[in-house]
Amino acid sequence: MNFDDDKEDFFDSPAVPEAPKAPKQPALKPEDPDYWDQSEPEFEHLRPSKRWMIWGWCAMIAICIAIGIGVYMHFFTPEVSEAVQYGYVDDIQSRGKYFKTYEGVMIPYKEIMDTTRSYNGDFVFSVEDGAVAAALLRLQYANLPARVSYKKYSATLPWRGESKIVVVKVDTADASKILPPEFNPIRN
C-alpha cells in the first residue's frame, strides 16, 4: 500500500478555530413592546397550544383506562356467578398443551326427562381445579347424578378452558328430590 498520494488528508490539515457564536437573544414576553414587532416563524401558527396537548394526554389516559375496564369486564368478570345444573356426567378429559384444564360434558336432567320438547344439547363445561375434576370423574364411573355449581363468562381464556362455562364445585345429587314423582326411580 502506498500512503503517499497527492490528496490532502483531512486530519493533517492545520487546525482552524471555530467562529464564535452569537449570544442567544432572550425570548420576549407579550408584555414587552418589542414582542409584537418581531416576526413569527413560518409554521408557528400550526403548532398546537400547550393547553390542547394537556387535554389530549388526559383524553388518551381516559381512553386507555376505559379500554382496560372494558377488557377486564369482558374477560375476567362472570356473567353468571352462582348457577347450578343437575345431571349425569357423560365425559371428563384433561386437555391443553400449555394450560392444563379439564373439559367435560354432562347430560342435564331437564333434557332427559322432558318428552315434550326436542333435545337442546349437552351441558359442556371446563374445570380448572383438579379436585373438582376428580370428583366429577368418580361420579361418572359410579353413574351417580351430579349437582354442579358453575360460572359463565363472556369469553374464553386459555388458562380457564375451552368453554365459557367453568365448574367450580360439585356434589352428588339426590335423584328423589330432583325428578318429578312420576319419574322418581326410588318410590316409597
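Everything below is about the structure printed above this text.
1. Considering the pairing of strand β3 (residues 123-127)
On a regular strand, each side chain points to the face opposite its neighbour's, so the side chains alternate between the two faces of the sheet.
Now for step 1: Across the five residues that make up β3, a large majority, four, are buried.
Now for step 2: Here strand β2 (residues 101-108) pairs with β3 via five bridges, running antiparallel. Directly across from glutamate 103, in β3, lies its bridge partner serine 126.
Now for step 3: Both β3 and strand β5 (residues 165-172) contribute to a ladder of two bridges, which runs parallel. Bridge assignment links valine 127 to a residue of β5, and that residue is valine 167.

2. A few points about unusual backbone geometry
Now for step 1: One non-glycine residue, asparagine 143, lies in positive phi territory at about 55°.
Now for step 2: With respect to the element layout, asparagine 143 can be found in the loop between α3 (130-142) and β4 (145-152).
Now for step 3: Of the residues examined, asparagine 143 reaches a relative accessible area of 57% and is grouped as exposed.

3. Side note on the environment of tyrosine 86
Now for step 1: With respect to the helices and strands, the residue tyrosine 86 is situated in strand β1 (residues 80-95).
Now for step 2: Relative accessible area serves as the criterion here: at 29%, tyrosine 86 is assigned to the partly exposed category.
Now for step 3: As for tyrosine 86 and serine 149, which are separated by 63 residues in sequence, their C-alpha atoms are 9.1 Å apart.
Now for step 4: Among the polar contacts made by the side chain of tyrosine 86, one reaches the side chain of arginine 147 at a distance of 3.2 Å.

4. Considerations on the pattern of salt bridges
Now for step 1: A complete count under the given rule lists two salt bridges for this structure.
Now for step 2: Arginine 95 is the salt-bridge partner of glutamate 162, the closest N and O atoms lying 2.8 Å from each other. Separated by 67 residues along the polypeptide, glutamate 162 in the loop between β4 and β5 and arginine 95 in strand β1 bring together distant segments of the chain.
Now for step 3: Residue classification places glutamate 162 among the exposed residues on the basis of a relative accessible area of 52%.
Now for step 4: Put simply, arginine 147 and aspartate 171 hold a salt bridge, and the shortest N to O gap is 3.9 Å. Placement of arginine 147 in strand β4 and of aspartate 171 in strand β5 is noted, with a sequence separation of 24 residues between them.

5. Re the packing of aromatic side chains
Now for step 1: Scanning the model with the defined rule gives five aromatic pairs in all.
Now for step 2: Seen in terms of ring centroids, tyrosine 72 and phenylalanine 76 are 6.0 Å apart; in terms of plane orientation they differ by 25°. Their pairing is stacked.
Now for step 3: With relative accessibility at 39%, the residue phenylalanine 76 sits in the partly exposed group.
Now for step 4: Three or more aromatic residues joined by ring pairs form one cluster here, namely Phe123, Phe125 and Tyr150.
Now for step 5: Positioned above the aromatic ring of tyrosine 153, the side-chain terminus of arginine 160 is 3.7 Å from the ring centre.

6. Some thoughts on α3
Now for step 1: Over its 13 residues, α3 runs 18 Å from end to end, which matches the ideal 18 Å to within 8%, given 1.5 Å per residue.
Now for step 2: Buried residues of α3: Val132, Ala133, Ala135, Leu136 and Leu139, and no others. All buried residues of α3 fall inside an arc of 160° around its axis, so they share one side. Turned more than 90 degrees off the buried face of α3, the exposed positions are Ala131, Arg138 and Tyr141.
Now for step 3: Next to the buried residues of α3 lie β1, β2, β3, β4 and β5.
Now for step 4: Asparagine 143 occupies a position one or two residues after α3 and carries a positive phi of about 55°.

Definitions and limits used
- Residues numbered from 1 in each chain as written.
- Predicted model: local features only at pLDDT ≥ 70, side-chain atom pairs only at ≥ 80, totals over all residues.
- Heavy atoms only, no water.
- Buried < 20%, exposed > 50% of the residue type's maximum accessible area, 1.4 Å probe, protein only.
- Helix = DSSP H or I, 4+ residues; strand = E, 2+ residues; numbered from the N terminus.
- Pairing = 2+ DSSP bridges.
- Polar contact = N/O pair within 3.5 Å; in protein donor to acceptor, adjacent residues only side chain to side chain.
- Salt bridge = Lys/Arg side-chain N within 4 Å of Asp/Glu carboxyl O.
- Phe/Tyr/Trp six-rings, centres within 6.5 Å; stacked < 30°, edge-to-face > 60°.
- Lys NZ or Arg CZ within 6 Å of the ring centre and 35° of its normal.
- Expected span 1.5 Å × (residues − 1).
- Arc of directions from axis to C-beta.
- Contact = heavy atoms within 4.5 Å.

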